[in-house]
Amino acid sequence: MGSMEASTAPENGSSAAGGGAGGTACNGAGAASNGGGMERRLRSSAASASWAAHLPLEVGTRVMCRWRDQKLHPVKVIERRKGSACSSPADYEYYVHYTEFNRRLDEWVKLDQLDLDTVETVVDEKVEDKATSLKMTRHQKRKIDETHVEQGHEELDAASLREHEEFTKVKNIAKIELGRYEIDTWYFSPFPPEYNDCPKLFFCEFCLNFMKRKEQLQRHMKKCDLKHPPGDEIYRSGTLSMFEVDGKKNKVYGQNLCYLAKLFLDHKTLYYDVDLFLFYVLCECDDRGCHMVGYFSKEKHSEESYNLACILTLPPYQRKGYGKFLIAFSYELSKKEGKVGTPERPLSDLGLLSYRGYWTRVLLEILKKHKGNISIKELSDMTAIKADDILSTLQSLDLIQYRKGQHVICADPKVLDRHLKAAGRGGLDVDVSKLIWTPYKEQG
Ligand SMILES: [Zn+2]
C-alpha cells in the first residue's frame, strides 16, 4: 500500500472493461517508449511471406494489431511465449502494448491478429534492456540496482530500472470472476507463482479466497458461510454498507484483497504486512449477501496524517459515484478522530482529479454560505482537509491572494458558483448519522 493509487476512482471515464475505452485510454503510460530519440527504425516494405522467415517476432518489434474494435492499432511487442502444442515459429503468442492506449489494455495476442506487412524492426536499446531485465533474477537485479547507484549512472539508476521492470510486467491474470461479474483485469498482480498463466481466477466474493477452477469455487461456496466481508459493519444506509476489516485480525482476507486490488491499480506497491492497515469495504447488499463494490485502506497509525492509502472501485461499479463516496467517507472518519487527513502520495493524475473535485465542492460550499472572513485553519477544522490541500485547491482555482504576509481568500459568489459547477456532482452522500464507529485507538 506504499504508493497510493486512485486512478480507478470511478468517475474517470476510462473503464477499459466497458469497451468504449479508445478515446480516453491514452495517457503517459506509453511515454516510456516514445521519449528516447535513440531509436533507429528500419522500415521494411517486405511482404508478409518474407516475414515468415523472421518469425517469431522479436521483443521490441512494432506492428499493427487488430484490437477488440476490429480496427488495426499500433503496438509494441513486450514479451513473447511459445504457443500451446507445437513449437513452430508461427505458433508464438505476443504480449503487446497498444502505444495509443493506457497500459491496462496490454494483452496476449495471436499471430493472426498482427498485420505482418506493417512490421517495423526497431533498434531500440531501451527495449533490449527491458528484454534482458525480464530474464534477470531478483538477485541480479538488486546487484545491478546497487552497482548503478554506486556508479551514479544517470540513465540507469535504480528508479528507472524499476520503471523498466514495471513497464515490462506482463499481466499474469487476464480475467476474474467475482460474484455475478466476470471482469477483465488491468495490471499485473503478484499472485503466488502457481496461479500465474491462469487465464481466469475465481474469487469467493465474500472471503476473497481465489481458485483456479469454477468447480473449486462451487465447492467452496457450499462450505463458505460468510455473506459479507469479515469485520464490523460500521455504516448502513439503504442498501449500502461499509465494513471495517482489521488486517491483523483478518490477515488472509487483507492479503486477498490486496492481490485483487493490484489487478486494477498500476503503481500500488504491495506489502504483505496487512497488520498495520484497516480496510474499509463498501458493499451493496441484497438478500444474497453484501457484495463488494470497492474499498479503501488506511494505516492504523500514520505519522504523516494519511487518512487513506489505497482506493479502488471495482470496474463493474465505476462511474456511479462510489469513488466520491469513499473519499468523503475517509474524511468523515478523520472528523470523528478529530484529526486532519490527506491521501497518501503519490496520487495518480486521475486520483488527484477526484480529490480536487471533492476538495473544491466541500470548500466552496462552505465559502458560499459563510459570512465574513474565514481562515484556512478554520476551513481545515471544519472539513478535516489538511491545510496544504486547502491552499493548493484554492490556489488552483485562483481564489487566494498573498497580501501583507498572509493568504487571503477572495470569494466572489459568482466565481464560486462557476467553479462549483465545473467540479461536478458529489456522487452518493455519506449520511453521517448512519456511521457508528469508534476510532481505532480507542478500541484499545
Ligand atoms: Zn468464501
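Residues numbered from 1 in each chain as written. Predicted model: local features only at pLDDT ≥ 70, side-chain atom pairs only at ≥ 80, totals over all residues. Heavy atoms only, no water.

## Remarks on the overall build of the chain
Here is step 1 of the chain: A tally of helices and strands in the chain yields 12 helices and 19 strands.
Here is step 2 of the chain: The proportion of buried residues among the 444 residues of the chain is 50%.
Here is step 3 of the chain: For the chain, the proportion of contacts with a sequence separation of at least 24, taken over those separated by at least 6, is 64%.
Here is step 4 of the chain: About 22,100 Å² of surface is accessible on the chain, with carbon and sulfur atoms providing 51% of the total. (Helix = DSSP H or I, 4+ residues; strand = E, 2+ residues; numbered from the N terminus. Buried < 20%, exposed > 50% of the residue type's maximum accessible area, 1.4 Å probe, protein only. Contact = heavy atoms within 4.5 Å. Areas by Shrake-Rupley, 256 points an atom, 1.4 Å probe, with all protein chains shown as cover.)

## Side note on the sheet that holds strand β11 (residues 232-237)
Here is step 1 of the chain: The strand order across the open sheet built from 5 strands is β11-β12-β13-β14-β16, with neighbouring strands paired in antiparallel fashion. This sheet does not close on itself; its edge strands, each paired only once, are β11 and β16 (311-313). Each neighbouring strand pair of the sheet contributes to a mean axis angle of 20°, computed without reference to strand direction.
Here is step 2 of the chain: Looking at chain direction, strand β13 (residues 277-286) and strand β14 (residues 289-299) are connected through 10 bridges and run antiparallel. Across the sheet, residue D286 finds its bridge partner in β14, namely G289. (Pairing = 2+ DSSP bridges. Axes fitted to C-alpha atoms, helices over the stretch in contact; angles between N-to-C directions.)

## A look at the coordination of the zinc ion
Here is step 1 of the chain: On the protein side, the zinc ion has C204 (SG), C207 (SG), H220 (NE2) and C224 (SG) as donor atoms, found 2.1 to 2.3 Å from it.
Here is step 2 of the chain: Coordination at the zinc ion is tetrahedral, judged from the 4 donor atoms that bind it and the angles of 99 to 121° they form at the metal.
Here is step 3 of the chain: Donor residues binding the zinc ion come from one chain and are separated in sequence as C-x2-C-x12-H-x3-C. Of the two residues, C204 sits in the loop between β9 (200-203) and β10 (210-211) while C224 sits in the loop between α6 (214-223) and β11, which places them 20 residues apart along the sequence. Neither residue differs from the other here; C204 and C224 are each classed as buried. (Donors = N, O, S within 2.8 Å, 3.2 Å for Na, K, Ca; no water. Tetrahedral: all angles 85-135°; square planar, octahedral: opposite > 155°, others 65-115°.)

## Section: the side chain of T360
Here is step 1 of the chain: Examined against the element boundaries, T360 turns out to sit in helix α9 (residues 349-369).
Here is step 2 of the chain: For T360, a relative accessible area of 5% gives the class buried.

## Regarding helix α11 (residues 387-396)
Here is step 1 of the chain: Within α11 the residues assigned to the buried category are D389, I390, L391, T393 and L394.
Here is step 2 of the chain: Where α11 terminates, the next one or two residues include D398, which has phi positive at roughly 65°.

## Points about the pairing of strand β19 (residues 406-409)
The two faces of the sheet receive side chains in turn, since in a regular strand these alternate between them.
Here is step 1 of the chain: Judged from the 4 bridges that link them, strand β18 (residues 400-403) and β19 form a sheet pairing that is antiparallel. When the bridges of β19 are listed, Y402 appears paired with H407.
Here is step 2 of the chain: With antiparallel pairing between neighbouring strands as the criterion, β18 and β19 make up a hairpin whose turn holds 2 residues, including K404 at a positive phi of roughly 45°.

## Side note on the packing of aromatic side chains
Here is step 1 of the chain: Taken as a whole and assessed by the stated rule, the structure comprises 22 aromatic pairs.
Here is step 2 of the chain: Their ring planes at 45° and their centres at 5.4 Å tell us that Y355 and W359 sit as a pair that is tilted. Residue Y355 and its partner W359 are both found in helix α9; the two are separated by 4 residues, about one turn of the helix.
Here is step 3 of the chain: Overall, Y355 belongs to the buried group, its relative accessible area being 0%.
Here is step 4 of the chain: A cation sits over an aromatic face here: R81 above W108, 3.9 Å from the ring centre.
Here is step 5 of the chain: The positively charged end of K212 is found above the aromatic ring belonging to Y195, 5.7 Å away from the centroid. (Phe/Tyr/Trp six-rings, centres within 6.5 Å; stacked < 30°, edge-to-face > 60°. Lys NZ or Arg CZ within 6 Å of the ring centre and 35° of its normal.)

## A short note on the UniProt feature "active site" (unreviewed entry) in the chain
Here is step 1 of the chain: Following the UniProt record, the feature "active site" (unreviewed entry) maps to E344 here.
Here is step 2 of the chain: You can see E344 is positioned in the loop between β17 (342-343) and α9.
Here is step 3 of the chain: Owing to a relative accessible area of 7%, E344 belongs among the buried residues under this scheme. (UniProt positions renumbered as here; feature names shortened; annotations may be inferred.)

## Concerning the sheet that holds β10
Here is step 1 of the chain: Taken together, 4 strands build an open sheet; the order of strands is β8-β7-β9-β10 and the sheet is mixed. Either end of the sheet is taken by a strand with one partner, and the two such strands are β8 (181-184) and β10.
Here is step 2 of the chain: As defined by bridge partners, strand β7 (residues 175-178) adjoins β9 across 4 bridges and the pair is classed as parallel. Each residue of the ladder has a partner; that of K175, found in β9, is K200.

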